[in-house]
Amino acid sequence: MGVCSMSVASLNKNEFVGKMPDTTGFNYFDEDQNLLFLMKRYLSNEDFNRAKPLLAELGELAGNQLDQLSRTADKNSPKLHSYDAKGNRIDKIEFHPSYHEMEHLGYSKFSMVAMSHKSGVLGWPEEFPYVLKYAFWYLFAQAEFGLLCPMSMTDSAARVLEKFASEEMKQKYLPHLTSTDMDELWTGAQFMTEKQGGSDVGANTMKAEKVGDHWELWGDKWFCSNPSADIALVLARPENSQAGTKGLGMFLVPRKLEDNTLNRYSINRLKDKLGTLCMASGEISFEGAVAYEVGDIKNGFRQMMAMVNSSRLSNAVRSTGMIRRSYLEALEYARGRSSFGNNLSEFPLMRETLFELLLDSETTTSIVLHTAEIYSEADKGSEKDQALLRILTPLLKGYICKRARYLTAEAMEVRGGNGYIEDWVNPKLVRDAHVGSIWEGTTNILALDVLRSLTKDKVGDIFFNEIFVRLDRIKNPLSRRVGEQLRSISGRIQEQTKRILKIEGLERELHAKKLMNRMYHIYSASLLLEEADFEITDQNNYRKLFLATHYLCRYFLSNGFDDVYSVDKSLLDSFNKIVDWEPISQDVVNTLLNEIELVSI
Ligand SMILES: Cc1cc2nc3c(=O)[nH]c(=O)nc-3n(C[C@H](O)[C@H](O)[C@H](O)COP(=O)(O)OP(=O)(O)OC[C@H]3O[C@@H](n4cnc5c(N)ncnc54)[C@H](O)[C@@H]3O)c2cc1C
């Protein structure tokens, strides 16, 4: 345990002078009261008891060995060897041994790809529930982000094949994609983006020619992560197919042919990236590469979106992990260092920063785990949950991945000059966090997808109804006061949404990002409130209600002219209790609410 759990006031402040603490050696699960709270909430007692030692083992690894491996791999990027000594084309990518060790931990020891595809993994009787799977990915991402891209693509490639591929294809590839034996494992990739645009996939020109029982692909892909994957799912255009996304087919392209020679595509070079430095991303030319159609050849784009949506959610989970790591690093540093004769964490402005990190960390964790539950129900066939998943996926990817950029940078600043130095984890977090809002669709593209979910798939009513029903369930009188504010704001956002949807043409898009953010916040606030109500009933603790009230202020009542925060000092008084998960009394929240209601009339 770090300084996090100690009472700072009781320690001699001099002992913090010149200290530069970090979270090395922490168990990221044991430190995470919020994750514990949510796991208990979502899992049955039996599942929780079975999951806890696994999570604790991963938490220990993430704060120790995995973190060290990640830092080493980050400093030793993969190298492309195009030719062997005799001039034969080999396109071999050499990874640092630390990367391979991390692969072993992710794919094999913790079976993080296999876990949602088959039963019996890590002794779990069925397939892992998504909520637990995401908890694993969240913990892993606190130490390592880059490798989770190939792991996520392997995971979602398996999902796509399960959904759309022929029995023969499933039997051939699925056992390898979901293997926990490194000698048997085949990793996956997804190649869509071409030079003319990753957002406008319909502009893809790569050609597919039918040759006997297979296809041959011709053309270039401009961004290919995990370019040496054993199989890639690739979008290409069969001859005479129509223009746009409707004319794209999905193809499975094996790295090696049946005779064990390399398939006919070349990795031209690796990208010189800002982040995800341990993992390779490259450019590939397909020169008649052997390919096999997946599912319905006329439905390639729609099938690929199943893969992309699963990766989009995974991206939100990973960003949430990086946000949590950023918060923990910032807290540890601020509580273990002093300035001007005082502990850093006792300064009001530092408390404000740390609280912002905490609030977003807990909220993002709540909403990704909630969405994991929705995912499970949607997979079981619930139409309501399928509709919710349709809109929550772009909301989470769009908002959380963008927010991670800001929060990782805030945590960097908490560490002062050290935060900018590569000896510490912060630069890696900032670099890695930046790609989350670019790949798998940029923020703008996600905002437009939110609009599409409302116009084309018409999920708006289900979304708002879910919030209203949740607010109806709130029992505690104080929670209900927050609930009434949220109800009124939800109603206003619903009306705004209807007005926006009536706007014709491009003008409608002007509102998409603001709408995405508002919808994200109102849904998150209602979730926080529901958790608060549960915590009050269960433990007579008003801590989560304190957070929900602050969330309401921060995102809905304090824009522009800031009346609420000009009167509130609850953060100063309650900071240590909030951080240490100590009980918050009803009176604290009552006072805060009185102030809010006074100024927000
Ligand atoms: C490290 C890395 C790894 C990657 N790995 C892969 C991979 O494995 N497979 C793969 O297929 N792709 C991969 N990509 C590509 C990535 O998905 C694309 O870069 C991304 O989708 C954006 O496409 P683009 O770069 O062509 O930008 P563009 O599509 O040209 O977009 C440029 C800008 O215009 C904006 N824009 C575009 N259209 C609109 C619009 N209608 N309204 C408003 N704004 C708009 C975008 O938001 C963006 O800001 C990777 C990218 C990176 C950085």
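Going by what an unreviewed UniProt entry lists, the protein chain is known as DNA alkylation response protein and is assigned to Psychrobacillus lasiicapitis. On record in UniProt, under Cofactor (unreviewed entry), the comment for the protein chain is "FAD". What UniProt records for the protein chain under Sequence similarities (unreviewed entry) is the sentence "Belongs to the acyl-CoA dehydrogenase family."

Draft legend 1. Structural context of the nonpolar core. Ranked by size, the top nonpolar core spans 190 residues in total, and within it F136 and L161 carry the most contacts. In terms of residue count, helix α8 (residues 300-335) provides more of this core than any other element does, 16 residues in total. Here this core gathers at least three residues from each of two domains, domain 1 (188-301) and domain 2 (459-599). Setting aside residues no more than four positions away along its own chain, L161 makes contact with M169, K170, Y173, L174, L177, I231, L233, L252 and V294.

Draft legend 2. Here's a closer look at the packing of helix α1 (residues 33-42) against helix α15 (residues 512-539). At a minimum axis distance of 12 Å, the contact between α1 and α15 shows a crossing angle of 85°. Looking at the two axes, α1 sits roughly perpendicular to α15. Residue-level inspection shows F37, L38 and R41 of α1 in contact with α15, the latter providing E530, E531, F534 and E535. Grouping the amino acids of the contact of α1 with α15 by side-chain chemistry returns 3 nonpolar, no polar and 4 charged.

Draft legend 3. Looking closely at the site of the ligand. In the vicinity of the ligand lie 20 residues, with T193, G198, S199, S225 and T442 positioned nearest. Taking G198, its main chain carries an N or O atom lying 2.6 Å from an oxygen atom of the ligand. When the ligand is considered free in solution it has 970 Å² of accessible area, and contact with the protein chains removes 66% of it. Counting only elements with at least two residues in the shell around the ligand, the list comes to β3 (188-191), β5 (214-225) and α12 (443-455).

Draft legend 4. Spatial organisation of the packing of aromatic side chains. This model, assessed by the stated rule, comprises 20 aromatic pairs. Pairing F145 with W439 gives two aromatic rings, centres 6.0 Å apart and planes at 25°, and the pair type is stacked. Of this pair, F145 sits in the loop between α5 (130-141) and α6 (148-164) while W439 sits in the loop between α11 (426-436) and α12, and the two are 294 residues apart along the sequence. The class of W439 is buried, set by a relative accessible area of 16%.

Draft legend 5. Broad picture of the pattern of salt bridges. Taken as a whole and assessed by the stated rule, the structure comprises 43 salt bridges. Between D47 and R50 there is a salt bridge; the shortest N-O distance is 3.3 Å. In this pair, D47 and R50 both sit in helix α2 (residues 45-63), 3 residues apart, roughly one turn of the helix. Residue D47 is classed as buried on the basis of its relative accessible area of 17%. Here K75 ties to D74 by a salt bridge, and the two come within 3.6 Å at their closest N and O atoms. One connected set of salt bridges, linked through shared partners, spans R41, K384, E466, R470, R473 and E530.

Parameters and conventions
Residues numbered from 1 in each chain as written. Predicted model: local features only at pLDDT ≥ 70, side-chain atom pairs only at ≥ 80, totals over all residues. Heavy atoms only, no water. UniProt positions renumbered as here; feature names shortened; annotations may be inferred. Core = buried A, V, L, I, M, F, W, Y, C linked by side-chain atoms within 4.5 Å. Buried < 20%, exposed > 50% of the residue type's maximum accessible area, 1.4 Å probe, protein only. Helix = DSSP H or I, 4+ residues; strand = E, 2+ residues; numbered from the N terminus. Domains from an automatic or database assignment. Contact = heavy atoms within 4.5 Å. Axes fitted to C-alpha atoms, helices over the stretch in contact; angles between N-to-C directions. Parallel < 35°, antiparallel > 145°, perpendicular 65-115°, else oblique. Nonpolar A, V, L, I, M, F, W, Y, C, P; charged D, E, K, R; others polar. Near = heavy atom within 4 Å. Polar contact = N/O pair within 3.5 Å; in protein donor to acceptor, adjacent residues only side chain to side chain. Areas by Shrake-Rupley, 256 points an atom, 1.4 Å probe, with all protein chains shown as cover. Phe/Tyr/Trp six-rings, centres within 6.5 Å; stacked < 30°, edge-to-face > 60°. Salt bridge = Lys/Arg side-chain N within 4 Å of Asp/Glu carboxyl O.

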